[in-house]
Amino acid sequence: MNIYFPKTLNEFIIERQAEFPYARGELSRLLHHIGIAAKVVGKKVNKAGLVDILGHAGNMNVQGEDQMKLDVFADIQFRAALKASGECCGIASEENKDIVTFDTDLAMDAKYIVAIDPLDGSSNIDVNVSIGTIFSIYRRLSERGTRAVMDDFLQPGTEQVAAGYIIYGSSTVLVYTTGHGVNAFTLDPSIGEFCLSHPNIRTPDDGTIYSINEGNYTHFPMGVKKYIKYCQERDEATNRPYTSRYIGSLVADFHRNLLKGGIYIYPPTEKNPEGKLRLLYECNPIAFVAEQAGGKATDGFQRVLEIKPLSLHQRLPFYTGCKKMVDKVEEFLRAYSEA
Ligand code: AHG
Ligand code: MN
Ligand code: MN
C-alpha cells in the first residue's frame with residue numbers, strides 16, 4: 001500500500017536550516033509566521049461573498065489607490081504575524097505610507113525587516129479571480145536593539161535573504177526562495193498544512209506565453225509595441241504566434257508563466273510613466289524567485305535586483321520570465337530606444 005506522507009512547509013524549513021551551519025532558526029520562525037498569516041488570509045478569501053469582506057474599505061492608500069476591505073484585512077494579518085514572530089523589527093507595506101517599526105524589546109532585537117504587498121491583484125477580489133501576497137526579507141543594517149530605520153528598507157534586491165509569494169487560487173500555494181532554488185507548497189485544507197508540491201522549480205529557458213495589459217498599447221514604448229507584434233507573427237521554428245494570457249494579478253500571471261514558460265511585462269504607460277509595479281514589494285521578490293528558477297527580471301535595460309531603491313514605493317517598468325524571452329524584448333527595447 002502506498003502511504004501518502006507529505007513534507008510540510010515547517011519540516012522543510014527546519015531541514016533546510018540545518019544546511020546553514022550558523023543558522024539559529026530566526027528566519028525559519030519568520031517564514032513559519034508568514035505561513036500562518038497566509039492560511040488566515042486564504043481562509044478569508046475562500047469565504048469572500050459569505051462574510052462582509054468584499055468591496056471597498058472607503059480609504060485611499062498612499063498611492064491614491066482605492067483600498068479594498070481585503071487589502072486592509074491582509075495588511076493587518078501579516079503585520080500581526082510578523083510582529084508575533086519576534087524575528088521582524090519592521091515592515092514596509094503597500095498599504096502604509098511610512099515604514100512600520102515594532103517597539104517591543106523582542107522585536108527591536110530582531111534582525112530582519114520585511115517588505116510586503118499584503119494583497120496583490122486587488123481588482124480581482126470581487127470577482128473570484130486569483131489574488132496573492134508578495135514578501136521580501138532583508139537583514140537589517142541598523143543595530144539590533146534599536147528601532148528599524150528607513151535605510152534598512154532601501155537595500156538592493158541582491159541583499160534579499162528570502163522572498164516569495166502566496167497565491168490564493170483554485171488552491172492556496174506558497175512559493176519561496178532563500179537563494180537556493182525555488183520550492184512551492186500547496187495548502188492541504190484537510191490537514192491545514194502547506195505541503196511540498198513543486199520541489200526545485202525550474203522555469204523553461206524559452207516559452208510561448210506573453211502577459212501584458214494590451215489595453216495600454218497606444219502608450220507603450222516602440223520596442224514593446226514591436227515585441228508584441230513579434231509575439232503575434234507566425235513562425236513555426238519559434239512556435240509563434242505565442243499565446244496571450246493576462247489575469248491582472250502579478251502573482252497569478254507570474255506563477256503561470258514560471259511553471260509553463262512565458263514573459264510578464266508591465267512597461268511605462270501614459271498613466272504610469274515610471275511603470276506601475278513597486279520595486280520593494282513587487283519587483284524585487286518576484287525577480288529573486290525568477291532568477292532562482294533560472295529565469296530573468298529586468299526593467300528593460302538593467303537587472304532589477306541591482307537597482308538601489310531611493311524610496312519606499314518606487315515604481316519601475318518590469319519584464320520577467322524565461323531568459324530567452326526577456327533577452328528578446330530587451331533586444332527590441334535597445335533597437336527602438338530612440339523612438
Ligand atoms: P495591487 O493590487 O497590489 O495594487 O497590484 C496590482 C498590480 C499587479 O498585481 C497587476 O499585475 C497589475 O497591477 C495590473 O495592472 P493593470 O490593471 O493596470 O493591468
Ligand atoms: Mn500588487
Ligand atoms: Mn496590493
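Residues numbered from 1 in each chain as written. Chains lettered and ligands numbered in written order. Predicted model: local features only at pLDDT ≥ 70, side-chain atom pairs only at ≥ 80, totals over all residues. Heavy atoms only, no water.

Caption draft 1: Region of the structure containing the sheet that holds strand β9 (residues 182–188). One open sheet holds the eight strands; their spatial order is β4-β3-β5-β6-β7-β8-β9-β10, and the pairing between them is mixed. In this open sheet, the two strands that pair with only one neighbour each are β4 (100–101) and β10 (193–198). The sheet contact formed by strand β5 (residues 112–120) and strand β6 (residues 131–139) spans seven bridges and is antiparallel. Paired with D117 across the bridge in β6 is I134. Seen against the sheet, helix α2 (residues 26–47) touches β3 (88–93), β5, β6, β7 (160–168), β8 (172–177), β9 and β10 and runs at an angle of roughly 15 degrees to β7. Seen against the sheet, helix α8 (residues 279–292) touches β3, β5, β6, β7, β8 and β9 and runs at an angle of roughly 100 degrees to β7. (Pairing = 2+ DSSP bridges. Helix = DSSP H or I, 4+ residues; strand = E, 2+ residues; numbered from the N terminus. Contact = heavy atoms within 4.5 Å. Axes fitted to C-alpha atoms, helices over the stretch in contact; angles between N-to-C directions.)

Caption draft 2: Here's a closer look at the environment of M325. Position of M325 among the secondary structure elements: in helix α9 (residues 323–335). Measuring from C-alpha to C-alpha, the distance between M325 and I263 comes to 6.3 Å, with 62 residues separating the pair along the chain. When residues no more than four places from it in sequence are discounted, the contact partners of M325 are D206, G207, T208, I209, Y227, Y242, G262 and I263.

Caption draft 3: Expanded view of the coordination of the manganese ion (ligand 2). The protein atoms that coordinate the manganese ion (ligand 2) are D117 (OD), D120 (OD) and E282 (OE), at distances of 1.9 to 2.1 Å. Read in sequence order, the donor residues for the manganese ion (ligand 2) give the motif D-x2-D-x161-E. Separating the manganese ion (ligand 2) from the manganese ion (ligand 3) is a gap of 3.8 Å, bridged by D117, which donates to each. (Donors = N, O, S within 2.8 Å, 3.2 Å for Na, K, Ca; no water.)

Caption draft 4: Up close: the site of ligand 1. Neighbouring residues of ligand 1: 18 residues in total, closest D120, S122, Y246, Y264 and Y266. Separating an oxygen atom of ligand 1 from a backbone N or O atom of S122 is a distance of 2.8 Å. In this structure, E282 approaches ligand 1 through a side-chain N or O atom, which is 3.4 Å from an oxygen atom. In isolation ligand 1 has 470 Å² of accessible area, and contact with the protein removes 87% of it. Per-element tally for the shell around ligand 1: the top contributor is β5, with three residues. Counted by class, the shell around ligand 1 contains six nonpolar, five polar and seven charged residues. Residue assignment places the shell around ligand 1 across two domains, with domain 1 (9–198) and domain 2 (209–337) each supplying three or more. (Near = heavy atom within 4 Å. Polar contact = N/O pair within 3.5 Å; in protein donor to acceptor, adjacent residues only side chain to side chain. Areas by Shrake-Rupley, 256 points an atom, 1.4 Å probe, with all protein chains shown as cover. Nonpolar A, V, L, I, M, F, W, Y, C, P; charged D, E, K, R; others polar. Domains from an automatic or database assignment.)

Caption draft 5: Inspection of the nonpolar core at higher detail. Formed by 43 residues in total, the largest nonpolar core has its most connected members in Y165, L250, F254, V304 and F318. Looking at this core, the element that brings in the most residues is α8, giving nine residues. There are two domains that each give this core at least three residues, and those are domain 1 (9–198) and domain 2 (209–337). Setting aside residues up to four positions removed in sequence, L250 forms contacts with D120, I134, Y264, L277, E282, I286 and F318. Grouped together as the second largest cluster of nonpolar side chains are 40 residues, V45, I91, F102 and V161 included. (Core = buried A, V, L, I, M, F, W, Y, C linked by side-chain atoms within 4.5 Å. Buried < 20%, exposed > 50% of the residue type's maximum accessible area, 1.4 Å probe, protein only.)

Caption draft 6: Quick look at the coordination of the manganese ion (ligand 3). Here the manganese ion (ligand 3) is held by the protein donor atoms E94 (OE), D117 (OD) and L119 (O), which lie 2.0 to 2.2 Å from it. Counting the intervening residues between successive donors of the manganese ion (ligand 3) yields the motif E-x22-D-x1-L.

Caption draft 7: Representation of α9. Helix length check: α9, at 13 residues, gives a terminal C-alpha distance of 18 Å against a target of 18 Å (1.5 Å per residue), a fit within 8%. Tucked into the core, α9 has its buried residues touching β11 (209–211), α6 (222–232), β13 (262–266), β14 (296–298) and β15 (318–321). (Expected span 1.5 Å × (residues − 1).)

Caption draft 8: Up close: α6. For α6, the complete set of buried residues consists of G223, V224, K225, Y227, I228, Y230 and C231. As for α6, its buried residues are in contact with β11, β13, β15 and α9.

Caption draft 9: Focus on the packing of helix α1 (residues 9–17) against α2. At their nearest, the axes of α1 and α2 sit 10 Å apart, and the two run at 165 degrees to each other. When the interaxial angle is binned, α1 and α2 end up roughly antiparallel. The two elements α1 and α2 meet at a crossing, and its hand is right-handed. For the pair α1 and α2, the contacting residues are L9, N10, I13 and Q17 in the first and S28, L31, H32 and G35 in the second. When its residues are assigned to classes, the contact of α1 with α2 shows three nonpolar, five polar and no charged. (Parallel < 35°, antiparallel > 145°, perpendicular 65-115°, else oblique. Left-handed = near helix turned anticlockwise from the far one by under 90°.)

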